Amino acid sequence: MIIGNEATTKLLEGVNLVANAVKGTLGPAAKTAIIQRDGKFPIIVNDGVSIAKAVSHPDPYVQLGVSLMQQVAEEAQGKSGDGTTTATILAQALCNIGFSLINDEQSEWYNNPTKLTQEINLLSEEIISSISKHKIDCEGDMIKQVATIAANNDEELGSLIAEVMEKVGKNGVVSVEVGSGFDTTYEMTNGYEVLTGAISPHFPSQLKDCNVLLIADKINSFDSLVPVLEMTIEDERSILIVAADFNPTVMPNLLVNVMQGKVNAVIIKAPGMGNAPEEVLYDLRASVGGKIVGKMYDVEKLSDVTLDDMGYAESVEIGNDSTVISTDKSPNEAHLDNLYQALNDIQLGSKGANDWAKETMQRRIARLEQGIASIKVGGKTEVELLERKERIDDAVNAVKAAMQNGVIPGGGILMDYYAVQKIPSHDEISKAFRIPKFLIQENAGFQASVSHSATHGMDSAKGDGVWVDMVEAGILDPLDVTINSIRSAVSVATLVLGSNCLIPTA
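Since this is a predicted model, take the numbers as computed values, not measurements. Sequence positions are assigned chain by chain, starting from 1 and proceeding in written order. Local features in this predicted model are restricted to residues of pLDDT 70 or higher, and side-chain atom pairs are both shown and tallied only at a pLDDT of 80 or more, whereas totals for entire chains, interfaces and linings draw on every residue. Computation of side-chain values covers all heavy atoms of the structure but excludes hydrogens and water.

(A) Spatial organisation of the side chain of Arg388. Counting from the N terminus, the helices are the DSSP runs of H or I reaching at least four residues and the strands are the DSSP runs of E reaching at least two. Among the structural elements, Arg388 can be located in helix H13 (residues 382-405). With sequence-adjacent residues up to four places away left out, Arg388 is seen in contact with Leu157, Phe182, Thr184, Val377, Gly378 and Gly379. Contact between two residues is taken to exist if any of their heavy atoms lie within 4.5 Å; hydrogens are not considered.

(B) Geometry of the environment of Leu116. Along the polypeptide, Leu116 turns up in helix H5 (residues 113-132). Leu116 sits in the buried class, given a relative accessible area of 0%. Separated by 14 residues in the primary sequence, Leu116 and Ile102 have C-alpha atoms spaced 7.9 Å apart. Ignoring anything within four residues of it in the chain, the contact list for Leu116 reads Gly98, Leu101, Ile102, Trp109, Ile429 and Leu497. Exposed residues in this analysis have more than 50% of their type's maximum accessible area, buried residues have under 20%, and partly exposed residues fall in between, with area computed by a 1.4 Å probe over protein chains only.

(C) Representation of the packing of aromatic side chains within the structure. Put simply, two rings from Phe, Tyr or Trp (the six-membered ring, in Trp's case) pair if the centres are within 6.5 Å, and we call them stacked under 30 degrees between planes, edge-to-face over 60, tilted for the rest. With the rule as written, the count across this model stands at 2 aromatic pairs. Judged by centre distance (6.2 Å) and plane angle (50°), the ring pair of Tyr282 and Tyr297 falls under tilted. Of this pair, Tyr282 sits in helix H10 (residues 276-288) while Tyr297 sits in the loop between strand S9 (292-293) and strand S10 (311-318), and the two are 15 residues apart along the sequence. Taken together, a centroid distance of 5.0 Å and an interplanar angle of 80° make the contact between Tyr417 and Tyr418 edge-to-face. You'll find Tyr417 and Tyr418 in the same group, each marked buried. The residue whose ring lies beneath Lys269 is Phe246, and the NZ or CZ to ring-centre distance is 5.4 Å. Only when the NZ of Lys or the CZ of Arg is both within 6 Å of the ring centre and within 35 degrees of the ring normal is a charge said to sit over the ring. Positioned above the aromatic ring of Tyr192 is the side chain of Arg367, whose terminal nitrogen or guanidinium carbon lies 5.8 Å from the ring centre.

(D) Focus on helix H1 (residues 4-22). For H1, built from 19 residues, the straight-helix expectation of 27 Å at 1.5 Å per residue is met to within 8% by its first-to-last C-alpha distance of 28 Å. When H1 is considered as a whole, its buried residues turn out to be Ala7, Thr8, Leu11, Leu12, Gly14, Val15, Val18, Ala19 and Val22. Along the axis of H1, the buried positions cluster into a sector of 160°, meaning they face one direction only. Exposed side of H1, more than 90 degrees from the buried face: Asn5 and Thr9 are the residues found there. Here a helix's expected span is defined as the number of its residues, less one, multiplied by 1.5 Å. When we speak of the arc, we mean the arc of directions from the helix axis to the C-beta atoms.

(E) The packing of H5 against helix H16 (residues 479-497), seen in detail. Relative orientation of the contacting elements H5 and H16 amounts to 175°, with a least axis distance of 10 Å. Viewed along their axes, H5 and H16 adopt a mutual orientation that is roughly antiparallel. Of the residues in H16, those in contact with Pro113, Leu116, Thr117, Ile120, Asn121, Ser124, Glu125, Ile127, Ile128, Ile131 and Ser132 of H5 are Leu479, Thr482, Ile483, Ile486, Arg487, Val490, Thr494 and Leu497. Residues are sorted three ways: Asp, Glu, Lys and Arg are charged, Ala, Val, Leu, Ile, Met, Phe, Trp, Tyr, Cys and Pro are nonpolar, and all the rest, Gly among them, are polar. By residue class, the composition of the contact of H5 with H16 is 11 nonpolar, 6 polar and 2 charged. Each axis is a line fitted through C-alpha atoms, taken for helices only over the stretch in contact, and angles between the N-to-C directions span 0 to 180 degrees. For classification, angles of less than 35 degrees are called roughly parallel, those exceeding 145 degrees roughly antiparallel, those between 65 and 115 degrees roughly perpendicular, and all remaining angles oblique.

(F) Spatial organisation of the packing of helix H7 (residues 155-168) against H13. Running from N to C, H7 and H13 point in directions that differ by 45°, and their axes come no closer than 10 Å. Classified by the angle between their axes, H7 and H13 sit oblique to one another. Note that H7 runs across H13; the crossing there is right-handed. Across from Leu157, Ile161 and Met165 in H7, the residues of H13 making contact are Arg388, Arg391, Ile392, Ala395, Val396, Val399, Lys400 and Met403. Looking at the contact of H7 with H13 residue by residue, the class counts come to 8 nonpolar, no polar and 3 charged. Crossing handedness is defined as follows: a turn of the near helix away from the far one that is anticlockwise and smaller than a right angle gives a left-handed crossing, while the clockwise case is right-handed.

(G) Seen up close, the pattern of salt bridges. Within this document, salt bridges are pairs made up of a side-chain nitrogen of Lys or Arg and a carboxyl oxygen of Asp or Glu, the two lying within 4 Å of each other. In total, this model carries 20 salt bridges according to the counting rule given. When the shortest N-O distance is used, the salt bridge between Glu177 and Lys376 registers 2.7 Å. On the criterion of sequence distance, the pair formed by Glu177 in strand S4 (residues 173-178) and Lys376 in strand S12 (residues 372-377) is long-range, its members being 199 residues apart. According to the relative accessible area criterion, Lys376 is partly exposed, its value standing at 24%. Between Asp416 and Arg434 there is a salt bridge, with the nearest N and O atoms lying 2.6 Å from each other. Of this pair, Asp416 sits in helix H14 (residues 413-426) while Arg434 sits in the loop between H14 and helix H15 (435-443), and the two are 18 residues apart along the sequence. For the pair Asp416 and Arg434, a shared accessibility class is recorded, and that class is buried.

(H) Representation of helix H8 (residues 226-234). Burial in H8 covers these residues: Val228, Leu229, Met231 and Thr232. Buried residues of H8 fall within an arc of 160° about the axis and therefore sit on the same side. In the stretch just after H8, Glu236 is the one whose phi turns positive, near 60°.

(I) Focus on the nonpolar core. Nine residue types can take part in a nonpolar core, namely buried Ala, Val, Leu, Ile, Met, Phe, Trp, Tyr and Cys, and a core is a set of them joined through side-chain atoms within 4.5 Å. Among the nonpolar cores identified, the biggest contains 59 residues, and Leu94, Phe433 and Ile486 are the most heavily contacted of them. The leading source of residues in this core is helix H4 (residues 84-102), at 10 residues. Filtering out sequence-adjacent residues up to four positions away, Ile486 remains in contact with Leu90, Ser124, Ile127, Ile128, Ile131, Met415 and Phe433. Ala216, Val258, Val263 and Ile365 belong to the second-largest nonpolar core, a separate cluster that totals 54 residues.

(J) Summary view of unusual backbone geometry. We note that Asp209 has phi near 50°; this positive angle belongs to a residue other than glycine. Looking at the element boundaries, Asp209 is found in strand S6 (residues 206-219). In the Ramachandran plot, Glu236 falls in the positive-phi region, its phi being about 60° despite a non-glycine side chain. Tracing the backbone shows Glu236 in the loop between H8 and strand S7 (238-246).

(K) A look at the pairing of strand S2 (residues 33-37). Of the two faces of S2, only one is covered, namely that formed by Ala33, Ile35 and Arg37; the face formed by Ile34 and Gln36 stays uncovered. Across 4 bridges, S2 lies against strand S3 (residues 40-45) in antiparallel orientation. Within S3, the residue paired with Ile34 across the bridge is Ile44. Linking S2 to S3, which pair antiparallel, is a turn of 2 residues; within it Gly39 sits at a positive phi near 70°. Between any two strands, pairing holds if DSSP finds at least two bridges.

As structure tokens, then:
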């Protein structure tokens, strides 16, 4: 255990180690990192969260700082799927500036981290409020522009992703998979996305030729699942189990059988509260077929289930936050007719009270009707393929965020502009929020400049640093990505600044 300045020094060393590793990936002149993998070829990536996860340090005290910064990147990735580098370098700036203020006897925050973190939270929310006023709906050419920027200015990938997103819509499902050829292509398939992901990293991330078991009641014991698992093994298929709830003892018992190779299975929970899990099961049944198991449903008990009672999926992709299920048939028309009738009934009701119900029903219909766009990533080598897949993942997530909640002028100019406006009242803290814009320009080889406008800035993709109207030039950032980057960075940085003692594992 260490405390005081020694703890601060070690913590900052870990913070800076991660941030310095990822900072080169920001902007149109982004650099890549080469990551060694045990027993495999190295990978080349410019994805912030992938680089952050790969960083480690033999000193356990420094590693604590590393782990906290990895949390920043993962939190940004989890909330919006992009913006991990911005979140990481912003957290670094807040930590370094914050500790210098806490240890400066001339500072009003000297030896007072609580007051400082309150000030950081206040400033960040003021900046978020200010930049949110510049939100623009993302449509038309803007979709391609956002996709191209997020794909590291690859216009070919940007065009493909924009075409995909225009077909599936803002609530549509996009699966990014490793292809078998040199070219990157896509195809539209039937399927459904469940907004919940892997419960354990030890379960498979992909299933093929898969039975799907839908359970509305709580699974009380692993033993109750055994007959279904045995049927699946005899059927020579994998199985996805989607349950409203299950006893905690079920998962480890199932996991042991998976890890021993006895069965290829994954269990996930139907997401949401109230009626939401039941609605997911009904919609999923309309997509994969089969029956719902439960006392008030199609099949009363698990012991009564037959192979014919299970649905079928051609493939299942299980991520951290979602599960994409591809099927070989269109969704059940009778179920869709019922949803459209329910939507019509809602629209005939009083406006305002039913807006939320209307939006929910529209999303349910869209998720069933629009199916899944499956992007098959191609490349000449495994290294190229994996790097391109990471870029496409980021770009798809960025476009989804942009289509759902709009875009703002990009290049970090809004954070810089409003941080400058706040400097008289927040002094040194504001400098942290100017770092992303400065770093974008520095990575492109330009001298960092102050933003005197909320709409005009430097096009860092141009060799001579041309000043442009950012919206007209197509330099755009999804509003949600920017907001989530700020909040993720502030969340962890304020916790770090309040720390005075480091205790690693024994």
